[in-house]
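A structural walkthrough
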Amino acid sequence: MKTSKILLILFLIMAQISFGQTSGVKEILGQVFEQSSSVEGVNIINNNTQITAVTDENGMFSIVVKEGDVLVFSSVNLEPLKLRITAENLTSSVIQIKMTAKQIELKEVVVNDNAGITAENLGIVPHGQKTYTPAERKLYTAKSTSIDKIINGISGRTAMLKKEVKVEKKEMLFRKLEYLFDDNYYTERLRISLEDIKGFQLYCVEDSEFAVSLNSKNKTMSMFLITELARKYLKILENEK
């Protein structure tokens with residue numbers, strides 16, 4: 001009988017502890033602004049629980065918190081921001097977060113006598129003339145005259161050169177992606193293992209929307225898109241097991 005009472009008391013104590021740990025936990029909604037514009041692609045992390053979130057195209061996010069937790073907001077072009085969750089935050093329908101743009105300090109530039117001298121400035125080529133990559137130049141030459149078009153079309157050289165252009169563009173995108181994020185971003189933020197990073201990068205550059213964000217140098221959009229691509233890629237890897 002005494003043993004049963006002791007076990008009952010221990011059970012009640014554990015239940016109270018468990019309730020104390022989970023009470024007050026709530027999923028909150030928020031929206032991030034920079035001046036009057038909502039901001040997409042802002043990373044949010046709960047410093048206490050390590051739960052993360054990312055703002056959508058309207059600057060909206062949701063994350064699980066409790067009173068006293070500290071949220072850290074970060075983005076490439078914005079100053080980092082910390083917010084300690086209060087009881088008032090937990091009762092708000094939507095928390096508005098105001099972030100500020102980073103002040104970019106320009107480094108001193110040394111200009112030599114030849115700076116600014118280009119083929120366009122010298123009048124050798126017209127201003128704004130399209131520049132070609134090596135593969136694009138080969139393709140342009142193969143189609144420069146009607147005879148070239150016919151001969152290269154029959155021989156299959158034009159089709160081969162078109163493939164070279166596509167491969168070259170994919171390689172350029174791949175190099176941009178390698179420069180944009182380091183390995184820690186893939187392993188810690190996206191949960192991509194080190195041995196799967198290269199495969200995931202190739203998967204990303206095949207996505208047309210992501211390729212546009214890379215070419216336009218829109219890192220915020222790239223960060224938003226790569227998060228969803230990582231989720232899909234991990235699902236593919238899981239299905240292959």
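Anyway, here's the lowdown on the structure attached to this text. (Residues numbered from 1 in each chain as written. Predicted model: local features only at pLDDT ≥ 70, side-chain atom pairs only at ≥ 80, totals over all residues. Heavy atoms only, no water.)

With respect to the packing of helix α7 (residues 197-205) against helix α9 (residues 219-240)
Relative orientation of the contacting elements α7 and α9 amounts to 120 degrees, with a least axis distance of 10 Å. Here α7 lies oblique to α9, going by the angle between them. Between α7 and α9 lies a crossing whose hand is right-handed. Contacts between α7 and α9 involve G199, F200, Y203 and C204 from the former and I226, L229, A230, K232, Y233 and I236 from the latter. Taken together, the residues that form the contact of α7 with α9 break down as eight nonpolar, one polar and one charged. (Axes fitted to C-alpha atoms, helices over the stretch in contact; angles between N-to-C directions. Helix = DSSP H or I, 4+ residues; strand = E, 2+ residues; numbered from the N terminus. Parallel < 35°, antiparallel > 145°, perpendicular 65-115°, else oblique. Left-handed = near helix turned anticlockwise from the far one by under 90°. Contact = heavy atoms within 4.5 Å. Nonpolar A, V, L, I, M, F, W, Y, C, P; charged D, E, K, R; others polar.)

Side note on the environment of L190
By the element assignment, L190 lies in the loop between α6 (183-189) and α7. With residues up to four places along the chain from it excluded, the contact list for L190 reads Y185, F200, I226, T227, A230 and L234.

Notes on the nonpolar core
Within soluble globular proteins, side chains that are nonpolar generally end up buried alongside one another. Grouped together as the largest cluster of nonpolar side chains are 21 residues, with contacts concentrated most on L177, Y186, L190, I192, F200, F210 and I226. The biggest single contributor to this core is α9, with seven residues. Filtering out sequence-adjacent residues up to four positions away, Y186 remains in contact with L177, F181, R191, I192, I197, F200, Q201 and I226. If you look at the next biggest cluster of nonpolar residues, it comprises 17 residues, including A53, L71, I85 and M99. (Core = buried A, V, L, I, M, F, W, Y, C linked by side-chain atoms within 4.5 Å. Buried < 20%, exposed > 50% of the residue type's maximum accessible area, 1.4 Å probe, protein only.)

Digging into the pairing of strand β1 (residues 26-34)
Across six bridges, the pairing between β1 and strand β5 (residues 60-65) is antiparallel. Paired with K26 across the strands is V65, a residue of β5. Here two bridges tie β1 to strand β2 (residues 37-38), and the two strands are oriented antiparallel to one another. Bridge pairing links E34 to S37 in β2. Taking the residues that link successive antiparallel strands as the turn, the β1-β2 hairpin has two residues, and the phi of Q35 there is positive, at about 60 degrees. (Pairing = 2+ DSSP bridges.)

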